Structure formats: C-alpha cells, structure tokens
Amino acid sequence: MTTRKHNALPKARTLIEALPWLTRHHGKTVVIKFGGNAMIDDALKRAFAQDVVFLRHAGLRPVVVHGGGPQISAQLELLGLESEFKGGLRVTTPEAMNVVRMVLAGQVQRELVGLLNEHGPLAVGMTGEDARLMSATKHYAQVDGAPVDIGRVGEITAIDSGAVQALLDDGRIPVISSIARSSDEEDASGVFNVNADTAASALAAALGAETLMVLTDVEGLYEDWPHSDEVISRLTASQLEKLLPDLASGMVPKMQGCLYAVRNGVRNARVIDGRVQHSILLEIFTDEGIGTMVVPDPEPATAPRGGIAHHTTQGAA
Ligand SMILES: Nc1ncnc2c1ncn2[C@@H]1O[C@H](COP(=O)(O)OP(=O)(O)O)[C@@H](O)[C@H]1O
Ligand SMILES: CC(=O)N[C@@H](CCC(=O)OP(=O)(O)O)C(=O)O
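Residues numbered from 1 in each chain as written. Chains lettered and ligands numbered in written order. Predicted model: local features only at pLDDT ≥ 70, side-chain atom pairs only at ≥ 80, totals over all residues. Heavy atoms only, no water.

Under an unreviewed UniProt entry, the protein chain has the name Acetylglutamate kinase and belongs to Streptomyces lunalinharesii. In UniProt, the protein chain has this text filed under Sequence similarities (unreviewed entry): "Belongs to the acetylglutamate kinase family. ArgB subfamily." Taken from UniProt, the Catalytic activity (unreviewed entry) comment for the protein chain reads in full: "N-acetyl-L-glutamate + ATP = N-acetyl-L-glutamyl 5-phosphate + ADP". (UniProt positions renumbered as here; feature names shortened; annotations may be inferred.)

K.L.:
Residue-level account of the pattern of salt bridges, with values.
P.N.:
Where charged atoms of side chains with opposite charge meet at close range, the side chains can pair. Inspection of the entire model under this criterion finds 16 salt bridges. Between Asp170 and Arg172 there is a salt bridge, with its nearest N and O atoms 3.0 Å apart. Here the residues in one salt-bridge network are Lys33, Asp197 and Lys254, joined through shared partners. (Salt bridge = Lys/Arg side-chain N within 4 Å of Asp/Glu carboxyl O.)

K.L.:
Give a detailed account of the site of ligand 1, specifying residues and quantitative values.
P.N.:
Neighbouring ligand 1 are 19 residues, the closest being Asn37, Thr216, Asp217, Tyr222 and Lys254. With respect to ligand 1, the side chain of Asp217 contributes an N or O atom lying 2.7 Å from an oxygen atom. Within the contact set of ligand 1, an oxygen atom lies 2.5 Å away from a side-chain nitrogen or oxygen of Lys254. When ligand 1 sits alone it has 580 Å² of accessible area, and the protein chains cover 84% of it. Comparing atom positions with the cavity grids shows ligand 1 to sit within the largest pocket. Looking at the shell around ligand 1, the elements that each hand over two or more residues are strand 11 (211–216) and helix 8 (251–263). (Near = heavy atom within 4 Å. Polar contact = N/O pair within 3.5 Å; in protein donor to acceptor, adjacent residues only side chain to side chain. Areas by Shrake-Rupley, 256 points an atom, 1.4 Å probe, with all protein chains shown as cover. 1 Å grid on protein atoms, 1.4 Å probe; cavity = no way out; pocket = protein on both sides within 12 Å on 5 of 7 lines; lining within 4 Å. Sits in = over half its atoms within 2 Å of the grid points. Helix = DSSP H or I, 4+ residues; strand = E, 2+ residues; numbered from the N terminus.)

K.L.:
I'd like a description of the UniProt feature "domain: Aspartate/glutamate/uridylate kinase" (unreviewed entry) in the protein chain, backed by residues and values.
P.N.:
According to UniProt, the positions carrying the feature "domain: Aspartate/glutamate/uridylate kinase" (unreviewed entry) are residues 28–273. Along residues 28–273 one finds 36% helix and 31% strand; the C-alpha atoms at either end are 22 Å apart.

K.L.:
Break down the packing of aromatic side chains for me, with residues and values.
P.N.:
Each aromatic ring pair is described using two quantities: the centre-to-centre distance and the angle formed by the ring planes. In total, this model carries two aromatic pairs according to the counting rule given. Their ring planes at 10° and their centres at 3.8 Å tell us that Phe34 and Phe48 sit as a pair that is stacked. Taken together, the residues span a long stretch of sequence, with Phe34 in strand 1 (residues 29–34) and Phe48 in helix 2 (residues 42–57) at a distance of 14 residues. Across the pair, exposure class does not vary: Phe34 and Phe48 are buried alike. Looking at Lys138, its charged tip hangs above the ring of Tyr140, at a distance of 5.3 Å from the centre. In this structure, Arg152 packs its charged tip against the face of Phe192, placed 4.3 Å from the ring centre. (Phe/Tyr/Trp six-rings, centres within 6.5 Å; stacked < 30°, edge-to-face > 60°. Buried < 20%, exposed > 50% of the residue type's maximum accessible area, 1.4 Å probe, protein only. Lys NZ or Arg CZ within 6 Å of the ring centre and 35° of its normal.)

K.L.:
Please provide a residue-by-residue account of the site of ligand 2, values included.
P.N.:
In the vicinity of ligand 2 lie 15 residues, with Lys33, Gly36, Arg90, Asn193 and Ala196 positioned nearest. One of the backbone N or O atoms of Gly68 is found 3.0 Å from an oxygen atom in ligand 2. Ala196 places a polar main-chain atom, nitrogen or oxygen, 2.9 Å from an oxygen atom of ligand 2. Contact with the protein chains removes 92% of the 430 Å² of surface that ligand 2 exposes when unbound. Using a 2 Å cut-off from the grid points, one finds that ligand 2 occupies the largest pocket. Mapped by element, the contributors of at least two residues to the shell around ligand 2 are helix 3 (69–78) and strand 4 (89–90). The leading source of residues in the shell around ligand 2 is helix 3, at three residues. The residue makeup of the shell around ligand 2, split by class, is six nonpolar, seven polar and two charged. (Nonpolar A, V, L, I, M, F, W, Y, C, P; charged D, E, K, R; others polar.)

K.L.:
Describe in detail the side chain of Glu283, supporting the description with residues and values.
P.N.:
Mapped onto the secondary structure, Glu283 falls in helix 9 (residues 279–285). For Glu283, a relative accessible area of 5% puts it in the buried group. Here Ile290 takes part through its backbone nitrogen, which lies 2.6 Å from a polar atom of the side chain of Glu283. Beyond its immediate sequence surroundings of up to four residues, Glu283 is in contact with Met213, Arg270, Ile272, Gly289 and Ile290. (Contact = heavy atoms within 4.5 Å.)

K.L.:
Account for the UniProt feature "binding site: substrate" (unreviewed entry) in the protein chain, naming residues and giving values.
P.N.:
With numbering aligned to this structure, UniProt lists the feature "binding site: substrate" (unreviewed entry) at Gly68, Gly69, Arg90 and Asn193. For this annotated set, covering 126 residues, all C-alpha atoms fall within 11.7 Å of each other, a compact arrangement in space. In the annotation above, Gly68, Gly69, Arg90 and Asn193 are the residues that line the largest pocket. Once residues within four sequence positions are removed from consideration, Arg90 is found in contact with Gly69, Ile72, Ser73, Leu76, Ser83, Glu84, Phe85, Val100, Ile150, Val153 and Asn193.

K.L.:
With reference to specific residues and values, describe empty space enclosed by the protein.
P.N.:
By the definition in use, this model includes one cavity of 30 Å³ or more. Of the voids in this model, the largest cavity is the one considered here, and its volume is about 60 Å³. Counting only elements with at least two residues in the lining of the largest cavity, the list comes to helix 2 and helix 9. If one sorts the elements of the lining of the largest cavity by residue count, helix 2 sits on top with four residues. (Points joined across faces, edges and corners; volume = space filled by probe spheres on them.)

Okay, here's the thing in structure tokens:
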C-alpha cells in the first residue's frame, strides 16, 4: 500500500491567482527583450525559455528580441578590437558590423532558439533583414547636443511585421536579432546595427502588442541611480519624459523605447530583473508584479492624482 500526504493548497492558490491574468492576456502579443546582461548563466537562460514557452501554451503570442552587447564586446576583444560607446550606442566600424552580425545572429540567437526548441518545434530565428522586417538609415549619436558619426548604427525607418505575424498565427515563437537592412538606395546591400531595446520597442508598436517587457540586470528603473535603492514601480509616459534627460548609459535606449512603445499603442512597457529566475511569469501572472511599469498618459477625465509610485528594494549601489 502507498500513502500520500496532500499539501496541494498553496500550489492550487498560485494557479488560481493566475486565472484573472490568464483571462486578461489570452491572445495578446507580448514582445520580450532579453538583454545580453541578463543572460548571466545557463540556468537563467533555461528558465527564460521555459517562461516564454509557458506564455505560448497559456495562449499568449510571445515574440523574443534579444540583445548581446557583452557577448559582442567579448568577441571584439578576442579579435583585438576595442568597444567604444557614444550616447549608449556602439561605435560600429564596417569590421565591427561583421562581428555584431555574427555574434547576434550566429551565436546568441541560435542558442536561444535551441533552448526554446527543447520544448517542441516552436522557435524560429530571424534577423531584421529577413522578409524586410526592419529597414534603417544611418543614425548619428547626439553628444553634447551635436550629431556624431558612429558608423554603421541604424535608425529604423520601417517595419514590415508580416512574417512575424504569420509565424505567430502558426503558433511559432519568433526570435529576432536587431540587425536591419539599409533603406538607402545608394547603400542597397548595406546592413545596420540597431540597439536591441530600440528594435524591440519599434516591433512592439508595429505589432500592436499589449506589452513590451525588457529583461535586464537591474531591478527596474532606479529613481536616483546609482545612489538610491528606490525602484520606480509605475510611471506615466509624461512622467518618464521628464526623467529621460537625467538617465545614463544602457537605461537611455531602454526607457526611450518604453516611451515610444506606450505612445504608439502598446498598453504597457515594463523593465524587469532578468537575474530573477522566472521573472516573466511573476510579472505577468501574479498580483505583485516586479520592476518598473510605464503606462500611457491617462485620458484627462480619468487622470489620477498623485505622483510616481515607488517600491524600495535591496541591492542598488
Ligand atoms: N536609473 C537607472 N536605473 C537602473 N539602471 C540604470 C539607470 N541608469 C543607468 N543604469 C544602467 O543601465 C544598465 C542596463 O542597461 P544595459 O547595460 O544596456 O543592459 P542590457 O544588456 O540588459 O540591455 C544597468 O545595469 C545600470 O548600470
Ligand atoms: C547600436 C548598438 O549599440 N547595438 C547593440 C546591439 C546589441 C544590444 O543592444 O544588446 P544589449 O541589449 O545586450 O545591450 C550593440 O552593438 O551592443
């Protein structure tokens, strides 16, 4: 005879807590940006893949846009090439462009596609070059108010999301590298390096996604980085716009992307801690939520009173 002691109530409670969120998100598109700095170890990458597959089986339409900044820098270093950033963007010589393309499409994307496909024939990798997904023109960085040439860095001019929509309709999970084709006639065979946060936000807007979720290596947007441990839990587009000039380094394209997304039809944009295993599920399916959420400005008639919401956490420098 075998006996079993039942203690299923906490598990059932967790599942029931997810019910309203499952109902709310069913059929909705979620663009998830997986930052290179959040891809710390194999366990985290596997948990990320499990979460994305979970979303897909729960009836959402997840799209992954991945980064790979640290991985590109490591490869450039191996080749004896230095990494330089201006205005948060990599100065991309034609030589570096080949490395960016090789690392993003040939290494990082392949690894994520492989991890997702351990769960079934789900993931399909693309770069922005495929099916004309992303077209771009040369981008000049703004340094001290002046435009600076940073090489083959692209500014997105058009998104053709048809192939991504078709993959989603077919139940697949698109995994996208942020390389764009040139939209300039005199540079027809050229390609551009696009910041992955920027690419994810442009794609989220083009797809009419419900949510843009950006996984990075901090808990969210700190109000007074690097001095304070206060994470801003929720803010409106206008509140974010006022903070933008004071933001530094990698947070600049991230928060610019969140602002662009919510101003172009995405219902909310969130920055969450990719170092926490299963952070995607915690954010989407539990009542607490983690990280920072940016929402569109309220309609004037329903404008809430009060300022930016915060939660204090451990860990900021
Ligand atoms: N206000 C801020 N709040 C949180 N992080 C900030 C802030 N300002 C700058 N940062 C920096 O931005 C980094 C995240 O951007 P980045 O390094 O580009 O990550 P990813 O590879 O995930 O895109 C953080 O690790 C932190 O060093
Ligand atoms: C123009 C530019 O800076 N492109 C980025 C593309 C990768 C990226 O954005 O990766 P993370 O999200 O991990 O930072 C780069 O070359 O590093």
